[in-house]
Structure formats: structure tokens, C-alpha cells
Amino acid sequence: MIVFDLRCSAGDHRFEAWFASSESFTDQQARGLIACPVCGDAGVEKAVMAPRVAAKSNRQPDAATPPAAPAEPSGTSQEVVRRLLAEIAEKQAEMLPRSRWVGRDFADAARAMHEGRAPEDLIHGQASPEEAQALRDDGIAAVPLLVPFVPPDAVN
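Scoring rules and cut-offs
- Residues numbered from 1 in each chain as written.
- Predicted model: local features only at pLDDT ≥ 70, side-chain atom pairs only at ≥ 80, totals over all residues.
- Heavy atoms only, no water.
- Salt bridge = Lys/Arg side-chain N within 4 Å of Asp/Glu carboxyl O.
- Helix = DSSP H or I, 4+ residues; strand = E, 2+ residues; numbered from the N terminus.
- Phe/Tyr/Trp six-rings, centres within 6.5 Å; stacked < 30°, edge-to-face > 60°.
- Buried < 20%, exposed > 50% of the residue type's maximum accessible area, 1.4 Å probe, protein only.
- Lys NZ or Arg CZ within 6 Å of the ring centre and 35° of its normal.
- Polar contact = N/O pair within 3.5 Å; in protein donor to acceptor, adjacent residues only side chain to side chain.

> Quick question: what am I supposed to make of the pattern of salt bridges here?
Side chains that carry opposite charge are capable of pairing whenever their charged atoms lie near each other. Across all of its chains, the model carries 7 salt bridges by this definition. Arginine 14 serves as the salt-bridge partner of aspartate 5, at 3.9 Å between the closest nitrogen and oxygen. Its salt-bridge partner being arginine 111, residue aspartate 138 comes within 2.6 Å of it at the nearest N-O pair. Of this pair, aspartate 138 sits in the segment after helix H4 (129-137) while arginine 111 is found in helix H3 (residues 106-114), placing the two residues 27 residues apart along the sequence.

Here it is as C-alpha cells:
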């Protein structure tokens, strides 16, 4: 497994993703399967990363310099991230029962509401990266669900 820092071209959002190999990333990128989790943009590229360079195994520590203590993870920042993710999951769980599942017709349904051909409604469904980009290009507000969600037609 390999981790890459990625960024989208639409909003210059940065995020991290894991891949089986560098070739797997290249293949998924070419097929448009990678999208920004913030804005859904499929124009995703590798971002500049700081290399992780390990110390040489034959290097002896300098007697005058004590070995560095391992950095303690910041409990505060971890707790903040955990709390924010929990709040996002809670808000999404509150919204989904009040929202109507439209499946793969999401882009058409959102466009119909935007153009006044359908009444305003809370909807959720599936859209390809190209459909999501077309909605954004036309000024139609749509955001991806940030917490994994199993579509109703996929539940046993």
C-alpha cells in the first residue's frame, strides 16, 4: 500500500488517499475514479509531499546529542477531529431520513429543482464525477456525503 497527498484542480483542496501501488493510482486517475471528497472534482493530481526518510541503520547516535523523544500525539487535535467527524456523521444521519433517495437520477432531479421543473426537496443519490462537475458548473449546489452510506437498493 502507498499513500499519496492529492489535490483537486477545482478548489485546490488537499486530501490523502491510499492505493495498492503507484500504477493503481495512475489507472484510477486515468479512468476518473478519484474525486475530491470536498467538492467532487475529478481533476485530482498528486500534491507535493515531504519525503519520509529513515535514518541509516549504521549510524550511531552522537553522544553529545540525546536521542529525540518520540513526539506525543496531540490529544486535543485528535479529539477535535474525532468530535468533528462525529458531528458530521450525526448531521448526516439526521438529514438522510428527511431526504428522498433518487438513486442514479440525482443529477437530473437536482437540475429539475434548480430550473423550477420540480418542487424543492431534500434529495440524495448517486452522480458520476462528470455529472457532479456539470452541476457545479451550472451553479447547482450539491455536496458529497462525507460519511460512507449504503444506498437503499444495495441493502439486503
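Right, picking up where we left off after that structure.
> Explanation requested: the packing of aromatic side chains in the structure shown.
Each aromatic ring pair is summarised here by two numbers: the centre-to-centre distance and the angle between the ring planes. In the structure shown here, the tally under the stated rule is 3 aromatic pairs. Ring geometry for phenylalanine 19 against phenylalanine 25: centres 5.2 Å apart, planes inclined by 75°, an arrangement best described as edge-to-face. A single burial state applies to phenylalanine 19 and to phenylalanine 25, both of which are buried. Taken together through their ring pairs, the aromatic side chains of Phe4, Phe19 and Phe25 make up a single cluster. Sitting over the face of the ring of phenylalanine 4, lysine 46 holds its NZ or CZ atom 4.1 Å from the ring centroid.

> Would you explain the side chain of serine 99 in this entry?
Considering the arrangement of structural elements, one finds serine 99 in the loop between helix H2 (75-98) and strand E4 (100-103). The buried category is assigned to serine 99, whose relative accessible area is 10%. In terms of polar contacts, serine 99 uses its side chain to reach the backbone carbonyl oxygen of leucine 122, at 3.4 Å. Among the polar contacts listed, one links the side chain of serine 99 to the side chain of histidine 124, at a separation of 2.8 Å.

So yeah, pure geometry; function would need other evidence.
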